[in-house]
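Report on the structure
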Amino acid sequence: MNTDDLAAEARRAALRSYSPYSRFRVGAVVVDSEGRRHTGSNVENAAYGSSICAEATAISGAVARGVRRIEGVAVACVDADGVDNAYPCGNCRQLMNEFGVEWVVVAAGEGSEVRRHHLSDLHPYGFSLEA
Ligand code: THU
């Protein structure tokens, strides 16, 4: 899995973000267990609390297409006023936990370092109903 290639695809997804309120554009790429990719971007709302993260839209899209096992997720933000941080929020880490995500690729602004982590490092002891 080429992390730079995934980061580039996540950045392209970020350009499709609907974020007129925060202007923080985030894109995500889900790689399912068959190697297929599913993209998403954050979708905001005038009722701010109704906004949806990029990872959540990507994961929901994949699941709606029948995916039940996700290998990894790449996340990127673009033009974020120098914010060099595209780490998934806690809620998105828990969404990843549900579908067995192993790795997370994080890319902030263009040209910035691309990092790869194990979800178990970002979200240890995630909640699960499995025995
Ligand atoms: N956001 C994401 O898309 N993913 C995250 O993991 C954290 C935050 C979005 C939500 C909102 O549209 C914007 O970034 C600012 O919080």
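Scoring rules and cut-offs
Residues numbered from 1 in each chain as written. Predicted model: local features only at pLDDT ≥ 70, side-chain atom pairs only at ≥ 80, totals over all residues. Heavy atoms only, no water. Helix = DSSP H or I, 4+ residues; strand = E, 2+ residues; numbered from the N terminus. Buried < 20%, exposed > 50% of the residue type's maximum accessible area, 1.4 Å probe, protein only. Lys, Arg positive; Asp, Glu negative; His and termini not counted. Salt bridge = Lys/Arg side-chain N within 4 Å of Asp/Glu carboxyl O. Polar contact = N/O pair within 3.5 Å; in protein donor to acceptor, adjacent residues only side chain to side chain. Contact = heavy atoms within 4.5 Å. Near = heavy atom within 4 Å. Areas by Shrake-Rupley, 256 points an atom, 1.4 Å probe, with all protein chains shown as cover. Nonpolar A, V, L, I, M, F, W, Y, C, P; charged D, E, K, R; others polar. Patch = residues over 30% accessible without salt bridge, like charges linked within 9 Å, V, L, I, M, F, W, Y side chains within 5 Å. Pairing = 2+ DSSP bridges. Axes fitted to C-alpha atoms, helices over the stretch in contact; angles between N-to-C directions. Disulfide = S-S within 2.5 Å.

Regarding the side chain of E44
Mapped onto the elements of the fold, E44 is located in the loop between β2 (37-41) and α2 (54-64). It turns out E44 is buried and unbridged, and the closest side chain with the opposite charge, R23, is 8.2 Å from it. Within the structure, the side chain of E44 is placed 3.1 Å from the backbone nitrogen of Y21, a separation counted as a polar contact. A distance of 2.5 Å separates the side chain of E44 from the side chain of S22, its partner in a polar contact. Apart from residues lying up to four places away in sequence, E44 is in contact with Y18, S19, P20, Y21, S22, R23 and S51.

Overview of the site of the ligand
Every residue lining the ligand is accounted for by S22, F24, V26, N42, E44, C53, A54, E55, P88 and C89. In the complex, 76% of the free accessible area of the ligand, which totals 370 Å², lies under the protein chains. Class assignment of the residues belonging to the shell around the ligand gives a composition of 6 nonpolar, 2 polar and 2 charged.

Brief notes about a nonpolar patch on the surface
Among the surface-exposed residues, Y18, Y21, V43, Y48 and I52 lie close enough to one another that they form a single nonpolar patch of about 520 Å² accessible area. Within the secondary structure layout, V43 lies in the loop between β2 and α2. Note on V43: relative accessible area 35%, which makes it partly exposed.

A word on the sheet that holds β2
One open sheet accounts for 5 strands, arranged β2-β1-β3-β4-β5; its pairing is mixed. The outermost strands of the open sheet, each flanked by one partner alone, are β2 and β5 (114-118). Put simply, the sheet's adjacent strands are angled 15° from each other on average, direction ignored. Sheet topology places strand β1 (residues 25-32) next to strand β3 (residues 70-78); 8 bridges connect them, and they run antiparallel. Across the sheet, V30 pairs through a bridge with V73, a residue of β3.

Quick look at α2
Every α-helical turn comprises 3.6 residues, leaving residues that sit three or four positions apart pointing alike. Counting buried positions along α2 yields 8 of 11 residues, so the element is predominantly enclosed. Taken residue by residue, α2 has A54, E55, A56, T57, A58, I59, G61 and A62 as its buried positions. Tucked into the core, α2 has its buried residues touching β1, β2, β3 and α3 (90-98). G66 occupies a position one or two residues after α2 and carries a positive phi of about 105°.

Side note on the side chain of D32
In this fold, D32 is placed in strand β1. With a relative accessible area of 1%, D32 lands in the buried category. A polar contact of 2.8 Å, which involves the side chain of D32, links it to the backbone nitrogen of E34. Setting aside chain neighbours within four positions, we find D32 in contact with H38, V67, R69, I70 and E71.

With respect to the state of the cysteines
Simply put, disulfide is the name for a covalent bond between the sulfur atoms of two cysteines. For the structure shown, the criterion picks out 0 disulfides. Summary of cysteine pairing: C53 is not part of a disulfide, and the nearest cysteine sulfur, belonging to C92, is at 3.8 Å. There is no disulfide at C77, and the cysteine sulfur nearest it, in C53, is 12 Å away. On the basis of relative accessibility, which here comes to 1%, the residue C77 falls in the buried class.

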